[in-house]
Amino acid sequence: MAGRFARELTLRQLRALAAVQKHRSVTSAARQLNLTQPAVTLQLRNLQALAGLPLIQRSSDGMLLTDAGREVLALTERIEAAILSCETSLDMIAGKTAGRVSIGAVSTAKYFVPFAISGFSRAFPNIDIALSIGNRQEIGTALRGYDLDIAIMGRPPVDIPMNTHLIGDHPHVVIAPTSHRLARKSRLKLTDLADETFLTREPGSGTRGLMEQLFEQAGLRPKIGMVMSSNETIKQAVIAGLGIAFISAHTVAAELDERRLVTLDVDGLPVVRQWFVLARKDKVLLPPAQAMLDFLSAKGAQFLPRTHGRLRLTRPSGRASRR
């Protein structure tokens, strides 16, 4: 057959064979398939030509399948089962009741994104979520490669047309250990931090870029100590007294509550940016991904860590009278 069977086989031919096997009659098969008798006969003739073997034999009990015919019928049953399974899956996806969503989030977002996914999963328990965490450059690369349905980050890529939806505010602060000499100072200037050692994220991180922008606008250059790729490592290093850090307030909410860290009261801080959920304009979102996008757009803000009260708690009680 030299590959003709695989290349030229059609579903119509297979269904003609299955109908004849079921009814043992071309006439009845044609009635089931809503075709004429000659049309069914033609489908069977072409199928036998592709198989290179007789598939049907006439008998006193009607038309029966040969051994070769039963082998092709088994193929027909497998194909029909696969089609039915695919159709069921598509119906489920179209109804937003099943499917898969690929989400990318910058590492700072991991402090609220899992809670948002949990909220979404309670409403859509059969949708699978694949979550990728990386820095801004890595998530941007994944978006350029169409690897993600949606992304959560602070600043959309400028080189990709995006549909962008606001989630909520994203404050950034300077943190220090509770014993730091500036911990209870008020109205600090950025110049007061000129001699401090900053522990910072790696180049390519959105937080690192925001810190550099802040100091550049003030005509200063921060003294960089250790460079780390993890907010968790930065927090522990600050607690250990290795330096201070410019960091997302959403990453330190628990440590502020537990008084393991304080925020320094620096004029111009917190620097407030925004969280966005976004998707490429030229990427078709299946209903599950669209449902997630809609959910984060409408309800994402409720999963953001509370920061306002926590920031106030880190300042000396005497500050309250000055407010």
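Provided above is the structure to which this section pertains.
Small disclaimer: the values here were computed from a predicted structure and weren't measured.

Caption draft 1: Spotlight on the overall build of the protein chain. The secondary structure content of the protein chain amounts to 13 helices and eleven strands. The C-alpha atoms of the protein chain give 32 Å as radius of gyration, which overshoots the globular expectation for 323 residues (20 Å, by more than 25%). Each of the three principal axes of the protein chain carries a C-alpha extent, and together these read 105 × 40 × 30 Å. The contacts of the protein chain with a sequence gap of at least 6 include a subset with a gap of at least 24, amounting to 76%. Averaging the locations of the 42 positively and 28 negatively charged side chains of the protein chain gives two centres separated by 4 Å.

Caption draft 2: Molecular detail of helix α8 (residues 206–217). The first and last C-alpha atoms of α8 sit 17 Å apart over twelve residues, in line with the 16 Å expected at 1.5 Å per residue. Tucked inside the fold, the buried residues of α8 contact β6 (162–177), β7 (197–201), β8 (223–228), β9 (245–248) and β11 (271–280). Sitting at the amino-terminal end of α8 is Ser205, which places a side-chain oxygen 3.2 Å from the backbone nitrogen of Thr207. Immediately downstream of α8, the backbone of Gly219 shows phi near 70°, a positive value.

Caption draft 3: Layout of the pattern of salt bridges. Summed over the entire model, instances satisfying the criterion amount to 15 salt bridges. Close ionic contact of Lys189 with Asp267 constitutes a salt bridge, the shortest N to O distance being 3.0 Å. With Lys189 in the loop between β6 and β7 and Asp267 in the loop between β10 (261–263) and β11, the pair connects residues that are 78 residues apart, well separated along the chain. For Lys189, a relative accessible area of 46% gives the class partly exposed. In this structure Asp267 comes out as partly exposed when scored by relative accessible area, which is 28%. For Arg260, the salt bridge identified is with Glu255, shortest N-O distance 3.6 Å.

Caption draft 4: Summary view of the packing of helix α6 (residues 113–123) against helix α11 (residues 287–299). In the contact formed by α6 and α11, the axes pass within 11 Å of each other and the chain directions differ by 120°. In terms of orientation, α6 and α11 fall into the oblique class. Considering how the two elements wind past one another, α6 and α11 form a crossing that is right-handed. Residues Ala116, Ile117, Gly119 and Phe120 of α6 pack against Pro288, Ala291, Met292, Phe295 and Leu296 of α11. For the contact of α6 with α11, the residue count by class is eight nonpolar, one polar and no charged.

Caption draft 5: Representation of the pairing of β7. Across the five residues that make up β7, a large majority, four, are buried. Relative to β8, β7 runs parallel, the two sharing four bridges. Note on β8: the bridge partner recorded for Thr200 is Val227. Between the parallel pair β7 and β8, the chain is carried across by α8, and the sense of this crossover is right-handed.

Caption draft 6: Structural view of the nonpolar core. Ala109, Leu143, Ile150, Ile152, Trp275, Met292 and Leu296 are the most contacted members of the largest nonpolar core, which has 36 residues in total. Considering each element in turn, this core owes the most residues, six residues, to α11. Excluding its chain neighbours within four sequence positions, the residues that come into contact with Ala109 are Pro114, Ile152 and Trp275. Judged by nonpolar contacts, the second largest core, of 21 residues, contains Leu17, Ala19, Val26 and Leu50.

Caption draft 7: Spatial organisation of the layout of surface pockets. Its volume calculated, the largest pocket comes out at about 370 Å³. Lining the largest pocket are 19 residues; nearest its centre among them are Gly154, Arg155, Gly206, Thr207 and Leu210. Going through the elements one at a time, β6, α8 and β11 are the ones with two or more residues in the lining of the largest pocket. Take the lining of the largest pocket: its biggest share by element is five residues, from α8. A breakdown of the residues in the lining of the largest pocket according to their chemical character gives four nonpolar, eleven polar and four charged.

Basis of the calculations
- Residues numbered from 1 in each chain as written.
- Predicted model: local features only at pLDDT ≥ 70, side-chain atom pairs only at ≥ 80, totals over all residues.
- Heavy atoms only, no water.
- Helix = DSSP H or I, 4+ residues; strand = E, 2+ residues; numbered from the N terminus.
- Rg over C-alpha atoms; globule rule 2.2 N^0.38 Å.
- Contact = heavy atoms within 4.5 Å.
- Lys, Arg positive; Asp, Glu negative; His and termini not counted.
- Charge placed at Lys NZ, Arg CZ, Asp CG, Glu CD.
- Expected span 1.5 Å × (residues − 1).
- Polar contact = N/O pair within 3.5 Å; in protein donor to acceptor, adjacent residues only side chain to side chain.
- Salt bridge = Lys/Arg side-chain N within 4 Å of Asp/Glu carboxyl O.
- Buried < 20%, exposed > 50% of the residue type's maximum accessible area, 1.4 Å probe, protein only.
- Axes fitted to C-alpha atoms, helices over the stretch in contact; angles between N-to-C directions.
- Parallel < 35°, antiparallel > 145°, perpendicular 65-115°, else oblique.
- Left-handed = near helix turned anticlockwise from the far one by under 90°.
- Nonpolar A, V, L, I, M, F, W, Y, C, P; charged D, E, K, R; others polar.
- Pairing = 2+ DSSP bridges.
- Right-handed = clockwise from strand over helix to strand, strands pointing away.
- Core = buried A, V, L, I, M, F, W, Y, C linked by side-chain atoms within 4.5 Å.
- 1 Å grid on protein atoms, 1.4 Å probe; cavity = no way out; pocket = protein on both sides within 12 Å on 5 of 7 lines; lining within 4 Å.
- Points joined across faces, edges and corners; volume = space filled by probe spheres on them.

By themselves, these are just geometric observations and shouldn't be taken as functional.
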